[in-house]
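Chain and residue survey
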Amino acid sequence: MDYAARITGTGSAFPETRMTNDDIALKLTEVGLKTSDQWIRERTGIVERRISDVNNSAEHNSSLGERAAQMALEMAGRKPDDIDQIIYATCSPDTIIPATACWLQSKIKAHNAWAMDINAACSGFVYGTVIAEQFIRTGRSKTVLVIGAEVLSQFVNWHDRTICILFGDGAGAAIVERESAKSPQRIISSHLVSDGRLSELLHVPAGGSNMEITPERYARSMHKMRMNGKEIFKVAVRTLTECALRSLEQWGMRVDRLDWFVPHQANLRIIEAVANRLGLPMDRVVVNLDRFGNTSAATIPTALDEAIRDGRIQPGQTVLVDAFGAGLTAGGFLFRW
Ligand code: UT7
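What counts, and where the lines are drawn
Residues numbered from 1 in each chain as written. Predicted model: local features only at pLDDT ≥ 70, side-chain atom pairs only at ≥ 80, totals over all residues. Heavy atoms only, no water. Helix = DSSP H or I, 4+ residues; strand = E, 2+ residues; numbered from the N terminus. Rg over C-alpha atoms; globule rule 2.2 N^0.38 Å. Buried < 20%, exposed > 50% of the residue type's maximum accessible area, 1.4 Å probe, protein only. Contact = heavy atoms within 4.5 Å. Lys, Arg positive; Asp, Glu negative; His and termini not counted. Charge placed at Lys NZ, Arg CZ, Asp CG, Glu CD. Domains from an automatic or database assignment. Buried area = accessible area lost by both parts, 1.4 Å probe. Salt bridge = Lys/Arg side-chain N within 4 Å of Asp/Glu carboxyl O. Polar contact = N/O pair within 3.5 Å; in protein donor to acceptor, adjacent residues only side chain to side chain. Nonpolar A, V, L, I, M, F, W, Y, C, P; charged D, E, K, R; others polar. Phe/Tyr/Trp six-rings, centres within 6.5 Å; stacked < 30°, edge-to-face > 60°. Lys NZ or Arg CZ within 6 Å of the ring centre and 35° of its normal. Pairing = 2+ DSSP bridges. Axes fitted to C-alpha atoms, helices over the stretch in contact; angles between N-to-C directions.

Examining the overall build of the protein chain
- Per the secondary structure count, the protein chain includes ten helices and 13 strands.
- Taking 2.2 N^0.38 as the reference for a compact globule, 337 residues should give roughly 20 Å; the C-alpha atoms of the protein chain span a radius of gyration of 19 Å, in line with that estimate.
- Its C-alpha atoms give the protein chain principal-axis dimensions of roughly 65 × 45 × 35 Å.
- By the burial criterion, 55% of the 337 residues in the protein chain qualify as buried.
- Here the analysis covers contacts within the protein chain between residues at least 6 apart in sequence; of these, 76% occur between residues at least 24 apart.
- When the 38 positive and 39 negative side-chain charges of the protein chain are each reduced to one mean point, those points stand 4 Å apart.

What follows is the structure, given as structure tokens:
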């Protein structure tokens, strides 16, 4: 028996607190830096983002993941006991040890599953879904919960105006299930790439095993993200376009036959440039970045969930998702909903 993998449910969750561009401008004034709502909107397309209150356990990474997972289970008509594998994509875990996947497993009581984290930064959900697909196609897994969730506000340097304007917190989830290989509704093709030569473009220097956080390093914010935004921008446009084309080519699909494009939400100008290169009109592109900013591994599952729940993505339609992130990691997959 040949198996395919199908996405059968999605969910998403965000913290309550909204931080508008004006709120950020005010916060930066306190440390002697300037930005404005107009600059952020024009250069990024972001209007506001959600920020977790880490003193509230309901807004921890795994708690946002829990809410998103419950919504996805409900849509798929599955119970926690049905899940046999959990893949949790995050680069802002609850704890370094154990995996956030295990905290989540306990919260949703998915006791029949085995659980692991993966870190592919903003490409995490795409990597996680393709891993799930592989386990399903070999017959090893039947019902996989894939989560992309981040509380990156904890790793943002609030004294760096090129970074703190971009990121927001949130979680998205998908149930990926075993399906007959003949089913039209399935993951059709995928393409993953990494280029470790570009690791320094976006990284957190301290806090890993090769550099502990000393008071001196803490004072220099070395436990926070460092980013070369301009360079990432260029690489992102090129890589997203390439990954999208490779996923389409594998299936021999023309861009004009595609119903929806759900790209990683980092910057509206990146999304528009990629859509333009692919020859896709923006009314077939799902965007949620204006309201949530860049939620890293959560951007694609939350955008997907929104477009499925509001009826834009209809059963039988073909959707291309496409991501890039720190690493550099990138990838896309094509599926029929
Ligand atoms: O998931 C991956 C995560 N990272 C990314 O996706 C980042 C991709 N890159 C970007 O989104 C853009 O490069 C940024 C939004 C980060 C920056 O936009 P940009 O159009 O590349 O601006 P820039 O770096 O070329 O800066 C233009 C000017 C500079 O001033 P001068 O040198 O021209 O006087 C910056 O100092 O804008 C200044 N600037 C700001 N001004 C107001 C930079 N950040 C800000 C700010 N507010 N927040």
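Some words on the domain arrangement of the protein chain
- When the domains of the protein chain are assigned, the result is domain 1 (3-180) and domain 2 (187-336).
- For domain 1 versus domain 2, the separation of C-alpha centres amounts to 14 Å.
- With 49 residues of domain 1 in contact, the opposing surface of domain 2 contributes 44 residues.
- Taken together, both faces of the contact between domain 1 and domain 2 bury some 3900 Å²; the carbon and sulfur share is 65%.
- When the buried area of domain 1 at its contact with domain 2 is split by residue, Cys-122, Val-126 and Tyr-127 rank highest and sum to 16% of it.
- Counting every contact that joins domain 1 to domain 2 gives zero salt bridges.
- Linking domain 1 to domain 2 there are 23 residue pairs in polar contact (both at pLDDT 80 or more).
- Elements that contribute at least two residues to the side of domain 1 that touches domain 2 include exactly strand E1 (3-13), helix H2 (37-44), strand E3 (48-51), helix H3 (61-76), helix H5 (124-137), strand E6 (143-150) and strand E7 (170-180).
- Broken down by element, the residue count for the side of domain 1 that touches domain 2 peaks at seven residues, all from H5.
- Of the residues belonging to the side of domain 1 that touches domain 2, the class tally is 26 nonpolar, 15 polar and eight charged.

Comments concerning the packing of aromatic side chains
- Within the structure shown, the criterion is met by three aromatic pairs.
- Arranged with centres 3.7 Å apart and planes meeting at 5°, the rings of Phe-14 and Phe-292 form a pair that is stacked. Placement of Phe-14 in the loop between E1 and strand E2 (17-20) and of Phe-292 in helix H9 (residues 289-292) is noted, with a sequence separation of 278 residues between them.
- For Phe-292, a relative accessible area of 8% corresponds to the buried category.
- A cation sits over an aromatic face here: Lys-27 above Trp-158, 5.0 Å from the ring centre.

Some words on the sheet that holds E1
- If you trace the five strands from one edge of the open sheet to the other, you get E1-E7-E6-E4-E5, paired in mixed fashion. One side of each edge strand has no neighbouring strand; the edge strands of this open sheet are E1 and strand E5 (114-118). Strand after strand, the sheet turns through a mean of 20° between neighbouring axes, direction not considered.
- Where E6 meets E7, eight bridges bridge the pair, whose relative direction is antiparallel. Bridge pairing in E7 links Glu-150 to Gly-170.

A look at the sheet that holds strand E11 (residues 260-263)
- Taken in spatial order, the four strands of this open sheet run E8-E13-E12-E11, and their pairing is mixed. Each end of this open sheet is capped by a strand with a single partner; those strands are strand E8 (187-194) and E11. Adjacent strand axes in the sheet meet at a mean angle of 10°, parallel and antiparallel pairs treated alike.
- In this sheet, strand E13 (residues 329-336) lies alongside strand E12 (residues 318-325) in antiparallel orientation, the contact comprising eight bridges. Each bridged residue has a counterpart across the sheet, and for Gly-325 the counterpart in E13 is Thr-329.
- In the packing of helix H10 (residues 299-309) onto the sheet, the strands contacted are E11, E12 and E13, and the crossing angle to E12 comes to about 155°.

Observations regarding unusual backbone geometry
- Of note, the bond from Ile-97 into Pro-98 is cis; its omega dihedral lies within 30 degrees of zero at 0°.
- Along the polypeptide, Pro-98 turns up in the loop between strand E4 (85-89) and helix H4 (100-108).
- The residue after Gly-327, namely Leu-328, is reached through a cis peptide bond having omega -15°.

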